2 protein chains.
Amino acid sequence: MAKNEQFVSQIADIETEFPQWYTDVVLKTKLVDYGPVKGTMVIRPYGYAIWENIQREMDSRFKAAGVENAYFPLLIPMSFMTKEAEHVEGFAPEVAVVTHAGGAKLEEPLAVRPTSETIIGHMMGKWVESWRDLPLRVNQWCNVMRWEKTTRPFLRTSEFLWQEGHSVYATSEEAERETLSMLQLYEDFAKTVLCMPVLTGRKTEKEKFAGAVATYGMEAMMHDGKSLQSGTTHYMGQNFAEAFDIQFTDKDGTLKHGYTMSYGVSTRLIGAIIMTHGDQRGLVLPPPVAPVQAVIVPIAQKKEGVLEACRALEERLRAAGIRVKVDDSDNSPGWKFNEWEMKGVPVRIELGPRDIESGKMTVFRRDTCEKGDGYLLSDAEELIHGLLGSISDNLYLKAQKRMQERIVPADDLDALLAGVNGGCFVRAGWCGCRECEDRVKEYAQATARVMAKENTSEKCVVCGKPSVHTVFFARAY
Amino acid sequence: MAKNEQFVSQIADIETEFPQWYTDVVLKTKLVDYGPVKGTMVIRPYGYAIWENIQREMDSRFKAAGVENAYFPLLIPMSFMTKEAEHVEGFAPEVAVVTHAGGAKLEEPLAVRPTSETIIGHMMGKWVESWRDLPLRVNQWCNVMRWEKTTRPFLRTSEFLWQEGHSVYATSEEAERETLSMLQLYEDFAKTVLCMPVLTGRKTEKEKFAGAVATYGMEAMMHDGKSLQSGTTHYMGQNFAEAFDIQFTDKDGTLKHGYTMSYGVSTRLIGAIIMTHGDQRGLVLPPPVAPVQAVIVPIAQKKEGVLEACRALEERLRAAGIRVKVDDSDNSPGWKFNEWEMKGVPVRIELGPRDIESGKMTVFRRDTCEKGDGYLLSDAEELIHGLLGSISDNLYLKAQKRMQERIVPADDLDALLAGVNGGCFVRAGWCGCRECEDRVKEYAQATARVMAKENTSEKCVVCGKPSVHTVFFARAY
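Criteria and thresholds
- Throughout, residues of each chain are indexed from 1 in the direction in which the sequence is written.
- All chains are assigned letters beginning with A, and all ligands numbers beginning with 1, in the order in which they are written.
- Residues qualify for local features only when their pLDDT is at least 70, as the model is predicted, and side-chain atom pairs are given and counted only at 80 or more; totals for whole chains, interfaces and linings, by contrast, use all residues.
- A pair of strands counts as paired when DSSP detects no fewer than two bridges linking them.
- In this text, helices come from DSSP runs of H or I with a minimum length of four residues, and strands from runs of E with a minimum of two, each type numbered from the N-terminal end.
- Axis lines are fitted through C-alpha atoms, for helices just across the contact stretch, and the angle between N-to-C directions can take any value from 0 to 180 degrees.
- Throughout, a pair of residues is in contact if the C-beta atoms placed from their backbones lie within 7 Å.
- Residues are sorted three ways: Asp, Glu, Lys and Arg are charged, Ala, Val, Leu, Ile, Met, Phe, Trp, Tyr, Cys and Pro are nonpolar, and all the rest, Gly among them, are polar.
- For this overlay, a least-squares fit was computed on C-alpha atoms, restricted to residues scoring pLDDT of at least 70 in both copies.

Undergrad: Go over the sheet that holds strand 5 (residues 96–101) of chain A with me, naming the residues and quoting the values.
TA: Strand pairing in a sheet is mediated by backbone hydrogen bonds. Such pairs are either parallel or antiparallel. Spatially, six strands are ordered 4(A)-6(A)-5(A)-5(B)-6(B)-4(B) in an open sheet, and the strand pairing comes out antiparallel. This sheet does not close on itself; its edge strands, each paired only once, are strand 4 (75–77) of chain A together with strand 4 (75–77) of chain B. Neighbour-to-neighbour, the strand axes of this sheet turn through a mean angle of 45°, independent of strand direction.

Take a look at the structure:
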């Protein structure tokens, strides 16, 4: 199949040139394009449709959890950013600043939000008066901006799309509980919607959100063994409540500060999907987020009855809730096979005169690249639904097996280095001090991704002192 | 009912203090709040839920029309803005400018998008090569920023949310056809989803979009007789295609510029709903966009079985696809009645021990403020569905009747002035010259909202020369 080879040759080798493979895939499948300003991206329809599916699935989970959506302004007075000392230190270097508007210089420069704790904290300070107003739980889907030096589509861009949820509670226990329950929601989402296994846990002080008391993250293993931070939740204690006067009169009549928390996932999840499931032919999209779940390719489409049969099948599958498309373009079937494989469509159905005559269809599944014929057309709805489910299961199990095989222990720095060089996550003990954490970074270019729930290690991988936390170290995006 | 009076007294008189009535309603119902930066708004959950309903309904219409969503960067190089001469003249005075980012001064200042014709034109110039790439039709849901001197929540704010659709076609006919078909889509949306009658038509040269060949708008009559521009579509000819090199090789092998068009509606539609349907008690929300379509208020809710019956009814209505809520707060029924009336919930169901015993319920409809008892609980799904439909119909017909009664003809400037002073739209002839249009503005503080499809007037309302266009003049938001 010469055309297939031609297609494949357009994508760099996934094993030896993974960064170029990624770039080839995101551009050639038209997920994304570079914007005119350095570090910006245009999310093209095929990429945005994945984001819409992510949004819909995630948003319904938020609503079921009782969170309401809202929208807060893009521009934040610079003075707000400085009200929480750690916060400004963390974000000021990355902020884009509006200094002029309406033809005049502004009295106070305005930050384009890098995240909205400050402005939402300010509004919560206005809204919260009594214990009856708590908890207050809002989320927004919006754009944010962080001026980054090195950028890559979906993974790190100066502007990206995300959701940021913010809650204020009367007690620390409640706020901490939601910090963990939202992490759980993210992990469940990653598993069931993105078919992506993740490690979750608390971040070290060095890696936590600027202004948080504690940050929790979920980390996924990419094809090259590097880790991608795919979602975070933050417990803020009273840091922001104090900075923004979020105070309430409690049942006992006393005035108290609330406890806040926040959580977010972004268009980075699209990068996570690509680098978790993709292969040499291109994208492999998880069925729950694939813009097209099944593509129907007519064989000998000019023959009488072929296109009609394809459309009839399309109608039936669409009525069964499957996102389906007939490719009736002028391209050859071989060309179409390659294109839709590159675009990661989970299921391809081939339908030609002989299939129609015998009431059967040929089905290709993208995850295993297996093709089978003789599937009964009359059972198409049930068959395709079942196949999509089994593709989801298989994608998850394959990625999970891979991750489990690639989590290795290390007793010393050289073993840690060998582990990350070998494309693994390294599980190791840590004494808890910043110097040792910095040393790992320096020696192995790896960072503490998350801490395990329990310390099961004996000694620190760097200094050999007793271990306080078992940590998953990895190179990271 | 003392509490009712107390509630009502909190809202300014709708007839004599309409601007204050509007402010009272949007703030007290928690649709919106003022942001910390002058001219910005926070869309609170109750307001944002309306926007989500608008988005969902509108987006499904776009998708059915074959339009795909995408996302383009927020920041636009200032040099892009100047590539289309009229465009920069129109928008430069309102632009917010990012001059610093990542701790350094930028080489080129960046505009926060006031609209995205330029950056989307730039990308289309990259993407379009052949007639096979056409038409290219994208839409984005996003925030935009226009630095305005006088602002009001939803109606005119420095930042607002909207959708902007952009298409490029091979021929002027196709681009012009979509300019009209999208206007038709908007009009149908206004009618069926917002229960809001509109006037549609072409804008005058003075009122058209900066850079367009022709702009079409839909205008709705607010409670005070002023007009609110509620949606616009623009035919750009080759203006932006030439500025951004959107060129394609046609079937005959020659290189040609495409023809572009764009269209948009914004969170302004929420203001339109409020000022079309609202009354002295507050909001009156059209059922298709109401966050809560039916509220169930328990009577004697501490009596055994009452709350259970309310929840059982809630479950049934929710299963029937109705957005329903039980208000089980500690407030008195009277307080709840007033609050939900102010919040514009279309239907209120009152359910107490006697109702439950007799298998009946009391139903209040917000549009007419009529209350009836004796509705069979067993028929609740059908009854409430039917009632929501009839409320939608009634809201539309009432607004339509009002608008028709308030469109008056004028033969001269004094009649035009009397018309707009009386809270009417004025239908009058116009010679087509800019001087006469300016004179209307000066004399009557009214502008040409849209031109009628046909010129049915004899003479210009200003100069008396033969009429070229019949125009609807009004004061406008």
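We are not done yet, so read on.
Undergrad: An account of the interface of chain B and chain A is requested, with residue identities and associated values reported.
TA: Listed per partner, the contact involves 40 residues of chain B and 40 residues of chain A. The element contributing the most residues to the side of chain B that touches chain A is strand 5 (residues 96–101) of chain B, with six residues. In terms of residue class, the side of chain B that touches chain A is made up of 25 nonpolar, nine polar and six charged. The pairing of strand 5 of chain A with strand 5 of chain B spans five bridges and is antiparallel.

Undergrad: Can you lay out the relation of the copies chain B and chain A for me, pointing to particular residues and giving the numbers?
TA: The two copies are related by a screw motion: chain B maps onto chain A through a turn of 180° and a shift of 0.0 Å along the axis, at an RMSD of 0.0 Å. Here the copies are linked by what is in effect a two-fold axis. It is Val 98 of chain B whose C-alpha, among those of chain B, lies nearest the rotation axis, at 2.1 Å.

Undergrad: Describe the sheet that holds strand 17 (residues 347–351) of chain B, naming the residues involved and giving the relevant values.
TA: Residues and elements named next belong to chain B. Judged by pairing direction, the sheet is mixed, and its five strands sit side by side in the order 16-15-17-18-19 without closing on themselves. Two strands bound the open sheet, and with one partner strand each, they are strand 16 (324–326) and strand 19 (370–376). Put simply, the sheet's adjacent strands are angled 25° from each other on average, direction ignored. Both strand 18 (residues 360–365) and strand 19 contribute to a ladder of five bridges, which runs antiparallel. Bridge assignment links Lys 360 to a residue of strand 19, and that residue is Leu 376. Running over the sheet, helix 10 (residues 306–319) touches strand 15 (294–298), strand 16 and strand 17 and is turned about 170° from strand 15. Contacts from helix 13 (residues 380–405) reach strand 15, strand 17, strand 18 and strand 19 within the one sheet, and its direction differs from that of strand 18 by about 10°.

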